[in-house]
Amino acid sequence: MTIRLTPLTVSTLLDRVRTEPPLVQCLTNAVVTNFTANVLLALGAAPAMTDIPGEAGPFARAASGVLINLGTPHEEQRRAMLEAAEAANDAGTPWVLDPVAVGSLPVRTALAAELLALRPTAIRGNASEIIALAGLGTGGRGVDATDDPEAALPAALLLAEKHGSVVAVSGPTDLITDGVQTLRISNGDALLTRVTGGGCALGAVTAAFLAVADDGGALAAVAAATAVYTVAAEPAAQASSGPGSFAAGFLDALASLTGQDLEQRLVTA
Amino acid sequence: MTIRLTPLTVSTLLDRVRTEPPLVQCLTNAVVTNFTANVLLALGAAPAMTDIPGEAGPFARAASGVLINLGTPHEEQRRAMLEAAEAANDAGTPWVLDPVAVGSLPVRTALAAELLALRPTAIRGNASEIIALAGLGTGGRGVDATDDPEAALPAALLLAEKHGSVVAVSGPTDLITDGVQTLRISNGDALLTRVTGGGCALGAVTAAFLAVADDGGALAAVAAATAVYTVAAEPAAQASSGPGSFAAGFLDALASLTGQDLEQRLVTA
Amino acid sequence: MTIRLTPLTVSTLLDRVRTEPPLVQCLTNAVVTNFTANVLLALGAAPAMTDIPGEAGPFARAASGVLINLGTPHEEQRRAMLEAAEAANDAGTPWVLDPVAVGSLPVRTALAAELLALRPTAIRGNASEIIALAGLGTGGRGVDATDDPEAALPAALLLAEKHGSVVAVSGPTDLITDGVQTLRISNGDALLTRVTGGGCALGAVTAAFLAVADDGGALAAVAAATAVYTVAAEPAAQASSGPGSFAAGFLDALASLTGQDLEQRLVTA
């Protein structure tokens, strides 16, 4: 079955997020936790940053979707992440792994391997991270993307096939694959890379869309999340004077994005 | 003695915050710590987020007011919270408990019970949290308010009487009670629920107003904090294009709020 | 050799930051980590908030510059800070110490002494903090600056001579000294003190400029960082309606600052 990502598919899922707000649990890094919660709220979803051992697991059972982002994985949060992933699997809650800066950094790289073995519903990263996660490279320097998403396609396919995940690689053209079919979305703006969390918050939006996906609709949901996120960046960038006004305008745009905006702007293949 | 919350009462306390800036110590969650500090700075108060064991207690003795917010209560912070509450009591520093998402989450619910036994000067939460804290329900799902403030009145009265606290329940109409008298404030805007920390930062503002309260003036101070906060949201919402521009405009409005704004907008009963 | 801080010197270093983005590792407090990363991104540098033991050291070896800010020094982060400082020294990576609120708070004050013994490339703080760090006073109340930068000159000279650091004291007129020569910069706006992280983020910018400094150019680099930061605040303040719009406008101004802006606005002695 081949998926076509039409503006209608995307806006149907966006309407669901807005009318039946999914509860999205985020175990994410300290830098972007505020922006991530605000992105989810702007979108219409309900964020909850429950990330301590003893609570992360029970919460993941009740949540609609879970994000696990490895940006600043302190010891206590690492335990909470494993607890959340196991509980999510047990309860059938979809969850997203964002392997921030894996590769040469030893603590998160070991943790990413443990989490990967738990078969995330989706994986989102930049090209360097996806290549490193697949064991095909050593990652970029920190959070930088030093590779083009197309260069990460073999890595994305390998991860998708081996772990049953939908893999999304962020970049000028985003690439989303389930190992069988690969979608590409060419929206967004470079200003998304000038705001911290510009990539990380997309992981949370991905969890929100997975929460409202149809059965077997994970690929479409992950692609729709990317579409909404990157399309919203465009009018925000046009109206902005730099990264500060862009960040505020991007939240406004997520809250007001319409089906018509998607029809006019979505560029997909 | 019956309190009337007039615009003049509110602006008198606001002037004190601005001219003799209280030092407000916040032990709060990672998601909203930045926004909370910015709200206090915009208001004219001096924030300090000192929340590690060994420093939280000494700081609470010197602070003008303390906020303890249970949003992401990591192990080290939990110890610091108990240390701060005990020192605040010992030194006579007013302190506010914000029982974020208590109810079904075991770690914070147990901690909330310990803190409640230390008799907070004020408690601020949404209806679900206040009901759960009083042991009259299991809380909402995460940080959502699934109950109307009026539904939380019995719980608020129970907490106020049992622990000697002023209790504030946030919602479309805020409800503030000391167990004897109940005040209601009908200001604010729904955009406050679309910015993370929209409720949490009010807890810090409440601590700032308690710090400048007259003897026996805790009820008036808590109500005045709510009044300033929710009144400031109204011009900000009117000038905004969505949650991103609202958050920036809300900080601007807190900094520029006048007695005249309060006279024109305050709706209280 | 006497340094003159001309607009050209400053804009030459700013161009280097923009064209060869230094990777700036920040071990900083939870309150300002988001704003700090956004300031670095707006400037054109590449932030990475790697602050856990086992990763902080290896990262500091590869980073272009490191910031260690003591605002909320949790136990795990304290270990990571020492690890990062030692690795930075070993690898020749310049690093900046920001001794937030040292003086009466025991945990961070002890840590600051340990870090000071490792001879930071630069130290940035307000007057109260610099005086306390030098052992010449007990610090202000929390993060407040209760002393004028000029009052901190003896402390700054002492720290510079004893530890071989360039010392920057923030205030209405910023003072930067290497113990031999002292530069003064009179730019900026009071709104920088109404946004949390207004001082802390300058520490990260200082690390970015040290990363692109010429050999023996640490004093000029630290002064250039202060110049860019405080000059950018001026048009942002003029265009703002308060602290919320200022924060966004400041990021925009950092991204768009030109050599001409520096020529027109820089006030230095």
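Residues numbered from 1 in each chain as written. Chains lettered and ligands numbered in written order. Predicted model: local features only at pLDDT ≥ 70, side-chain atom pairs only at ≥ 80, totals over all residues. Heavy atoms only, no water.

## Regarding the overall build of chain A
Thinking step 1. When helices and strands are counted, chain A shows 11 helices and eight strands.
Thinking step 2. What you see for chain A is a C-alpha radius of gyration of 16 Å, in line with the 18 Å of a compact globule of 269 residues.
Thinking step 3. Across its three principal directions, the C-alpha atoms of chain A cover 45 × 40 × 35 Å.
Thinking step 4. The burial tally for chain A puts 63% of its 269 residues in the buried class.
Thinking step 5. Approximately 8700 Å² of chain A is accessible, and the part contributed by carbon and sulfur atoms is 52%.
Thinking step 6. Positive and negative side-chain charges in chain A, numbering 14 and 26 respectively, have mean positions lying 3 Å apart. (Helix = DSSP H or I, 4+ residues; strand = E, 2+ residues; numbered from the N terminus. Rg over C-alpha atoms; globule rule 2.2 N^0.38 Å. Buried < 20%, exposed > 50% of the residue type's maximum accessible area, 1.4 Å probe, protein only. Areas by Shrake-Rupley, 256 points an atom, 1.4 Å probe, with all protein chains shown as cover. Lys, Arg positive; Asp, Glu negative; His and termini not counted. Charge placed at Lys NZ, Arg CZ, Asp CG, Glu CD.)

## So, the relation of the copies chain A and chain B
Thinking step 1. Of the transformation placing chain A onto chain B, the axial shift is 0.0 Å and the rotation is 120°, giving an RMSD of 0.0 Å. Taken together, the rotation and translation describe the operation of a three-fold axis. It is Ala30(A) whose C-alpha, among those of chain A, lies nearest the rotation axis, at 3.8 Å. (Least-squares fit on C-alpha atoms with pLDDT ≥ 70 in both.)

## Observations regarding the UniProt feature "binding site: substrate" (unreviewed entry) in chain A
Thinking step 1. According to UniProt, the "binding site: substrate" (unreviewed entry) feature falls on Met49(A) and Gly197(A).
Thinking step 2. When you line up the elements, Met49(A) lands in the loop between β2 (46-48) and α3 (56-62).
Thinking step 3. When neighbours within four sequence positions are excluded, Met49(A) is seen to be in contact with Cys26(A), Thr28(A), Thr33(A), Thr36(A), Ala37(A), Val31(B) and Thr72(B).
Thinking step 4. Filtering out sequence-adjacent residues up to four positions away, Gly197(A) remains in contact with Val32(A), Phe35(A) and Tyr229(A). (UniProt positions renumbered as here; feature names shortened; annotations may be inferred. Contact = heavy atoms within 4.5 Å.)

## A few points about the interface of chain A and chain B
Frequently, the measure chosen for interface size is the accessible area removed from exposure when the parts meet.
Thinking step 1. Taken together, the contact pairs 26 residues of chain A with 26 residues of chain B.
Thinking step 2. Summed over both partners, the interface of chain A with chain B comes to about 2000 Å²; 57% of that surface belongs to carbon and sulfur atoms.
Thinking step 3. Sorting the residues of chain A by area buried against chain B places Leu41(A), Glu55(A) and Asp252(A) first, and these three jointly supply 26% of that buried surface.
Thinking step 4. At the boundary of chain A with chain B, the tally comes to one salt bridge.
Thinking step 5. Glu55(A) is paired through a salt bridge with Arg108(B); the nearest N and O atoms lie 2.6 Å apart.
Thinking step 6. Run the count over chain A and chain B and you get 11 residue pairs in polar contact (both at pLDDT 80 or more). (Buried area = accessible area lost by both parts, 1.4 Å probe. Salt bridge = Lys/Arg side-chain N within 4 Å of Asp/Glu carboxyl O. Polar contact = N/O pair within 3.5 Å; in protein donor to acceptor, adjacent residues only side chain to side chain.)

## Let's talk about the environment of Val166(B)
All names here are of chain B.
Thinking step 1. Secondary-structure assignment places Val166 in strand β6 (residues 166-170).
Thinking step 2. Taking relative accessible area as the criterion, Val166 reaches 5% and is therefore assigned buried.
Thinking step 3. As a C-alpha pair, Val166 and Ile185 span 19 residues in sequence and 15 Å in three-dimensional space.
Thinking step 4. Once residues within four sequence positions are removed from consideration, Val166 is found in contact with Thr121, Ala122, Ile123, Ile176, Thr177, Asp178, Ala218, Leu219 and Val222.

## Some remarks on the packing of aromatic side chains
Residues and elements named next belong to chain A.
Thinking step 1. Counted under the stated rule, the structure contains nine aromatic pairs over all chains.
Thinking step 2. Ring centres of Phe35 and Phe250 lie 6.5 Å apart, and the angle between their planes is 25°; this geometry places the pair in the stacked category. In this pair, Phe35 is assigned in helix α2 (residues 33-43) and Phe250 in helix α10 (residues 243-256), connecting sequence segments 215 residues apart.
Thinking step 3. Its relative accessible area of 9% is what places Phe35 among the buried residues.
Thinking step 4. Judged by relative accessible area, which is 0%, Phe250 ranks as buried.
Thinking step 5. The structure contains a cluster of three or more aromatic residues connected by ring pairs, namely Phe35, Tyr229, Phe246 and Phe250. (Phe/Tyr/Trp six-rings, centres within 6.5 Å; stacked < 30°, edge-to-face > 60°.)

## Notes on unusual backbone geometry
Residue and element names in this part refer to chain C.
Thinking step 1. Phi is positive for Ala101, which is not a glycine, with a value near 60°.
Thinking step 2. The phi angle at Arg119 is positive, at roughly 60°, despite the residue not being glycine.
Thinking step 3. In this structure, Arg119 sits in the loop between α5 (106-116) and β5 (122-126).
Thinking step 4. Of the residues examined, Arg119 reaches a relative accessible area of 47% and is grouped as partly exposed.

## Examining the interface of chain C and chain A
Thinking step 1. On the side of chain A, 26 residues touch chain C, which itself brings 26 residues to the contact.
Thinking step 2. Overall, the association of chain C and chain A removes approximately 2000 Å² of surface from exposure, summing both partners, and the carbon and sulfur fraction of that is 57%.
Thinking step 3. Counting the surface chain C buries against chain A, the share from its top three residues, Leu41(C), Glu55(C) and Asp252(C), is 26%.
Thinking step 4. If you look at where chain C meets chain A, you find one salt bridge.
Thinking step 5. The tally of links between chain C and chain A comes to 11 residue pairs in polar contact (both at pLDDT 80 or more).
Thinking step 6. Those elements that place two or more of their residues in the side of chain C that touches chain A are α2 (33-43), β2 (46-48) and α10 (243-256) of chain C.
Thinking step 7. For the side of chain C that touches chain A, the leading source of residues is α2(C), giving seven residues.
Thinking step 8. Per-class residue counts for the side of chain C that touches chain A are 16 nonpolar, six polar and four charged. (Nonpolar A, V, L, I, M, F, W, Y, C, P; charged D, E, K, R; others polar.)

## Observations regarding the confidence of the model for chain A
Low pLDDT means the predicted atomic positions in that stretch should not be read closely.
Thinking step 1. Averaged over every residue, the pLDDT of chain A is 96; residues scoring 70 or more account for 97%.
Thinking step 2. Prediction confidence for the complex, expressed as pTM and ipTM, is 0.97 and 0.96 respectively. (pLDDT = per-residue confidence, 0-100.)

## Focus: the pairing of strand β1 (residues 23-27) of chain A
All names here are of chain A.
Thinking step 1. Across the five residues of β1, five count as buried, placing the element largely inside the fold.
Thinking step 2. Covered by surrounding structure in β1 are Leu23, Gln25 and Leu27 together with Val24 and Cys26, the residues of both alternating faces.
Thinking step 3. In this sheet, β2 lies alongside β1 in parallel orientation, the contact comprising three bridges. Bridge assignment links Gln25 to a residue of β2, and that residue is Ala48.
Thinking step 4. The parallel pair β1 and β2, bridged by α2, forms a crossover whose chirality is right-handed. (Pairing = 2+ DSSP bridges. Right-handed = clockwise from strand over helix to strand, strands pointing away.)

## Section: the sheet that holds strand β1 (residues 23-27) of chain B
All names here are of chain B.
Thinking step 1. In space, the eight strands of this open sheet follow the order β2-β1-β3-β4-β5-β6-β7-β8, with mixed pairing throughout. Each having just a single partner strand, β2 (46-48) and β8 (182-185) make up the two edges of the open sheet. Across the sheet, the axes of successive neighbouring strands diverge by a mean angle of 20°, strand direction being ignored.
Thinking step 2. One ladder, built from two bridges, connects strand β4 (residues 95-98) with strand β5 (residues 122-126); its direction is parallel. (Axes fitted to C-alpha atoms, helices over the stretch in contact; angles between N-to-C directions.)

## Notes on the pattern of salt bridges
Residues and elements named next belong to chain A.
Thinking step 1. Under the defined criterion, the tally for this structure stands at 21 salt bridges over all chains.
Thinking step 2. Here Asp214 and Arg16 are joined by a salt bridge, their closest N and O atoms 3.2 Å apart. Taken together, the residues Asp214 in the loop between α8 (200-211) and α9 (218-238) and Arg16 in helix α1 (residues 7-19) connect sequence positions 198 residues apart.
Thinking step 3. A salt bridge links Arg79 to Glu75; the shortest N-O distance between them is 3.0 Å. Of the two residues, Arg79 and Glu75 are both situated in helix α4 (residues 75-91); the distance of four residues between them amounts to about one turn of the helix.

## Here's the deal with the sheet that holds strand β6 (residues 166-170) of chain C
Residues and elements named next belong to chain C.
Thinking step 1. Pairing in this open sheet of eight strands is mixed, and the strands run β2-β1-β3-β4-β5-β6-β7-β8 from one edge to the other. Only two strands of the sheet have a single neighbouring strand rather than two, namely β2 and β8 (182-185). Pairwise comparison of adjacent strand axes, ignoring direction, gives a mean angle of 20° for this sheet.
Thinking step 2. Bridging between strand β7 (residues 174-177) and β8 involves four bridges; their strand directions are antiparallel. Paired with Ile176 across the two strands is Leu183, which belongs to β8.
Thinking step 3. Sheet contacts for helix α8 (residues 200-211): β1 (23-27), β3 (65-69), β4 (95-98), β5, β6 and β7; angle to β3, the most-contacted strand, approximately 160°.

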